[in-house]
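Commentary on secondary and tertiary structure
Chain by chain, the residues:
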There are 2 protein chains.
Amino acid sequence: MNLASDNKNKIPSRRRPLILVTNDDGIYSPGIRALTKAMNDIGDVVVIAPMNEQSAVGHSITLNSPIRVEDYNFGDELSHVPALAISGTPCDCMKLALHELLHRKPDLAVSGINKGSNVAINVIYSGTISAATESSVNGIDSIAFSLDTTDITSDFTPSGNYAKTIAQKVLRSQLPRGVVLSVNVPNIPENEIKGIQVTRQARSQWEEVFVGRKDPSNKPYYWYRGMLNILDQSKDTDSTVVDQGYVSITPLQYDRTAHGCIDVMKTWRWGDF
Amino acid sequence: MNLASDNKNKIPSRRRPLILVTNDDGIYSPGIRALTKAMNDIGDVVVIAPMNEQSAVGHSITLNSPIRVEDYNFGDELSHVPALAISGTPCDCMKLALHELLHRKPDLAVSGINKGSNVAINVIYSGTISAATESSVNGIDSIAFSLDTTDITSDFTPSGNYAKTIAQKVLRSQLPRGVVLSVNVPNIPENEIKGIQVTRQARSQWEEVFVGRKDPSNKPYYWYRGMLNILDQSKDTDSTVVDQGYVSITPLQYDRTAHGCIDVMKTWRWGDF
C-alpha cells in the first residue's frame, strides 16, 4: 500500500542506476540538496528524508507514533526529482523507502551531506551513518557523507563532487557484504583537498559538560555540551587525514560482535560461584 | 554543579563496589526493579534511568532540549537505593550520571533487564545495549541484560539471578578494553535454564511492514511493524542458544571499523575517473 501515489508515479525507470538519498539534518538542509544534485548527474534520484533535523538520533526508529509522509519539491534544477519528507528518523526513512515507498530496490543509498564530521566515536551517535547502515543491512551498497564544518553556510560543492566520484566507484565495484562507507570531507577549497585516503576510526572520548540551570519556577534542568577529544594521532585514522586535508573513507561494519575476544570469554568459568 | 543534591548525599561510600543501573524501558518498569534488587545484593547501587520508555532509541542523545532530573524512590526493600529519573535517553542517563551526578566512577554499569531480547541485528537499535556501550566508551565495565519476552508480567527473577552471577564474575575479572557484554536470558523457569554460553550476533534481517491508514481529515500516516528473521541457525549465535534454553553472553565492541576490509578498500583506485 502506498499512500504517496502521485509522487510515486514520478519514480523513474530502469536504465540509469536508482539512487536513494536521505540525511539526518532534514530535507531542507543545504547538504542534502548538494548531495541530490551530485547524484542527479550519475543516476535517477529519489529523496526520502526527515522533515526535521534529527542529529545524534543514532539508530533510533519510531515504534510508538504514526509516521507522516509529505511530498516535497527541491525546485529549480531539481524540480523533477521525486522527494518525500518523513516525520521520523533517518532509519525510519530508509525502512519506509525500501519496504513501502519505492517500486524497486535502489542500486545505491547515500546519506548526507552532514553538517559536521562523523569521525572517531561519533560514528555511534550519527543519524547520517545510521541511515546508511540501515540500507546496508537491507543489502544495498550505502555511503554516508559528512562535511567537517559547524557552519551551515559552508560550501557543500566540493563534498558533492567527491560524493559523485566515490558513488560512481561504488556503483562500478560493489562493496563487500556487511560493509558501509563513511566519508568525511575537509571544509577547504576543492583545489586544496589532497586526495582520498582509506582510514579507520580514531580512538576518542567525549569530554562531557552539563550546564545546570533553574527554570522560572526554580526547578533544575541541564543542557548537554561536550567536546570530542581524539586520543589517537596515528596517520591512518579518519580524524587525522581530514585534519591534514584529505577526504577520509572508513569502511564500517554493523556486526558488533567482538570476535577477537570470544575465545577468551569462553575460558571464563561463568558457572562457578 | 549538581542540582539533585539531596539525593546525591545518599550515594554510598567506598567499601562495596559501586554499581550504576539504567535501562531503556523506563524507571517504572519491572525489569529495572529486578536488576536493582540483584545488584543490591552485591554492591552499592545508584539508579539513573529514563522517566519514560525509550525502546529502539539506539544511541541517541538529547542535544536540543533541556534534560530534567527528578528524585525517585523504589520503595519497599529498595527504599534506601538512591535513584533519579531523567527526561532523556539511556545514553543521556549514562552521560549525566558519569559526568555530573555521581561522586566517583562506578565499578560496574548495568542496563536492563530489558523486556524483550536484544539478539542479532537488534543490537544496533537497542537503547539497553547503547546505554551499556556509552559507559563502556567511558572506561567502565558494562553489561546489558535482556529477557526474551514480550510480556511485561513475566518473571524477571531468574534473569535477575543470572545478572548477579555474571556481574560478580565481571567485577572480579574485568572485561577486555572496548568490549561490552550483551546478555540475553530465555523466558523459562530458572531450573530449566541449561547454563551460560558465549555467543556471536546471528545474521538476521527485519521483515518490515508498514500499515498505512488515513486520519479523520483523510491524510495518510503509517504504523511501523516488523518481524525479525534469523538468517543464521548456527549453534554459536545469540538467538540459537537462547532458543535452546541457555543464557547467551555476546561480547560487543563499539569500534565499527571493518578492519578486515581496509586493505581491499585501499586497492580501489579512488582517484581514477
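Residues numbered from 1 in each chain as written. Chains lettered and ligands numbered in written order. Predicted model: local features only at pLDDT ≥ 70, side-chain atom pairs only at ≥ 80, totals over all residues. Heavy atoms only, no water.

To continue, consider the overall build of chain A. Along chain A, the regular secondary structure elements total seven helices and eleven strands. Taking 19 Å as the expected radius of gyration for a compact globule of 273 residues, we find that chain A reaches 20 Å, a close match to that expectation. On the principal axes, the C-alpha backbone points of chain A span a range of 60 × 55 × 45 Å. Looking at chain A as a whole, 62% of its 273 residues are labelled buried. Partitioning the contacts of chain A with sequence separation of at least 6, the portion at a separation of at least 24 is 77%. Entry remark: accessible area of chain A is about 10,900 Å², with carbon and sulfur atoms responsible for 45%. (Helix = DSSP H or I, 4+ residues; strand = E, 2+ residues; numbered from the N terminus. Rg over C-alpha atoms; globule rule 2.2 N^0.38 Å. Buried < 20%, exposed > 50% of the residue type's maximum accessible area, 1.4 Å probe, protein only. Contact = heavy atoms within 4.5 Å. Areas by Shrake-Rupley, 256 points an atom, 1.4 Å probe, with all protein chains shown as cover.)

A word on the interface of chain A and chain B. In this complex, chain A contributes 88 residues to the contact, which on the side of chain B involves 88 residues. Between chain A and chain B, a total of about 8,000 Å² is buried, with carbon and sulfur atoms accounting for 65% of that surface. (Buried area = accessible area lost by both parts, 1.4 Å probe.)

Residues and elements named next belong to chain B. Summed over all chains, the structure comprises twelve aromatic pairs over all chains. Taking 5.3 Å as the distance between ring centres and 90 degrees as the angle between the ring planes, the aromatic pair formed by Tyr28 and Tyr72 counts as edge-to-face. Highlighted residues: Tyr28 in the loop between strand E1 (18-22) and helix H2 (30-40) and Tyr72 in strand E3 (residues 69-72), separated in sequence by 44 residues. (Phe/Tyr/Trp six-rings, centres within 6.5 Å; stacked < 30°, edge-to-face > 60°.)

Looking now at helix H5 (residues 157-173) of chain A. All names here are of chain A. For H5, spanning 17 residues, the distance from its first C-alpha to its last is 24 Å, which sits close to the expected 24 Å at 1.5 Å a residue. Regarding H5, the residues found buried are Pro158, Ser159, Gly160, Tyr162, Ala163, Thr165, Ile166, Ala167, Lys169 and Val170. Buried residues along H5 sit in contact with helix H2 (30-40), strand E5 (108-115), strand E6 (142-148), strand E7 (179-186), strand E8 (196-198) and strand E11 (247-253). Gln174 sits one or two residues past H5 and shows a positive phi near 65 degrees. (Expected span 1.5 Å × (residues − 1).)

Moving on, we get to the relation of the copies chain A and chain B. It takes a turn of 180 degrees to lay chain A on chain B, together with a shift of 0.0 Å along the axis; the resulting RMSD is 0.0 Å. Overall, the copies show the geometry of a two-fold rotation axis. Same-surface contact between copies: 100% of interface residues of chain A are shared with the interface of chain B. (Least-squares fit on C-alpha atoms with pLDDT ≥ 70 in both.)

Let us now look at empty space enclosed by the protein. Per the counting criterion, the structure on display carries three cavities of 30 Å³ or more. His59, Val123, Ile124, Ser130 and Arg256 of chain A together with Gly58, His59, Val123, Ile124, Ser130, Thr133 and Arg256 of chain B together form the lining of the largest cavity. The class makeup of the residues in the lining of the largest cavity is four nonpolar, six polar and two charged. (1 Å grid on protein atoms, 1.4 Å probe; cavity = no way out; pocket = protein on both sides within 12 Å on 5 of 7 lines; lining within 4 Å. Points joined across faces, edges and corners; volume = space filled by probe spheres on them. Nonpolar A, V, L, I, M, F, W, Y, C, P; charged D, E, K, R; others polar.)

The next subject is the pattern of salt bridges. Inspection of the entire model under this criterion finds 22 salt bridges over all chains. With a closest N to O distance of 3.8 Å, Arg33 of chain A and Glu77 of chain A form a salt bridge. Taken together, the positions of Arg33 of chain A in helix H2 and Glu77 of chain A in the loop between strand E3 (69-72) and strand E4 (83-86) put the pair 44 residues apart, joining distant regions of the chain. Relative accessible area serves as the criterion here: at 41%, Glu77 of chain A is assigned to the partly exposed category. The salt bridge partner of Glu208 of chain A is Lys95 of chain B, with a shortest N-O separation of 2.7 Å. In this pair, Glu208 of chain A is assigned in strand E9 (residues 204-214) and Lys95 of chain B in helix H3 (residues 90-101), connecting two distinct chains. Each of the two residues, Glu208 of chain A as well as Lys95 of chain B, counts as buried. Connected via shared salt-bridge partners are Arg33, Lys37, Asp76 and Glu77 of chain A. (Salt bridge = Lys/Arg side-chain N within 4 Å of Asp/Glu carboxyl O.)

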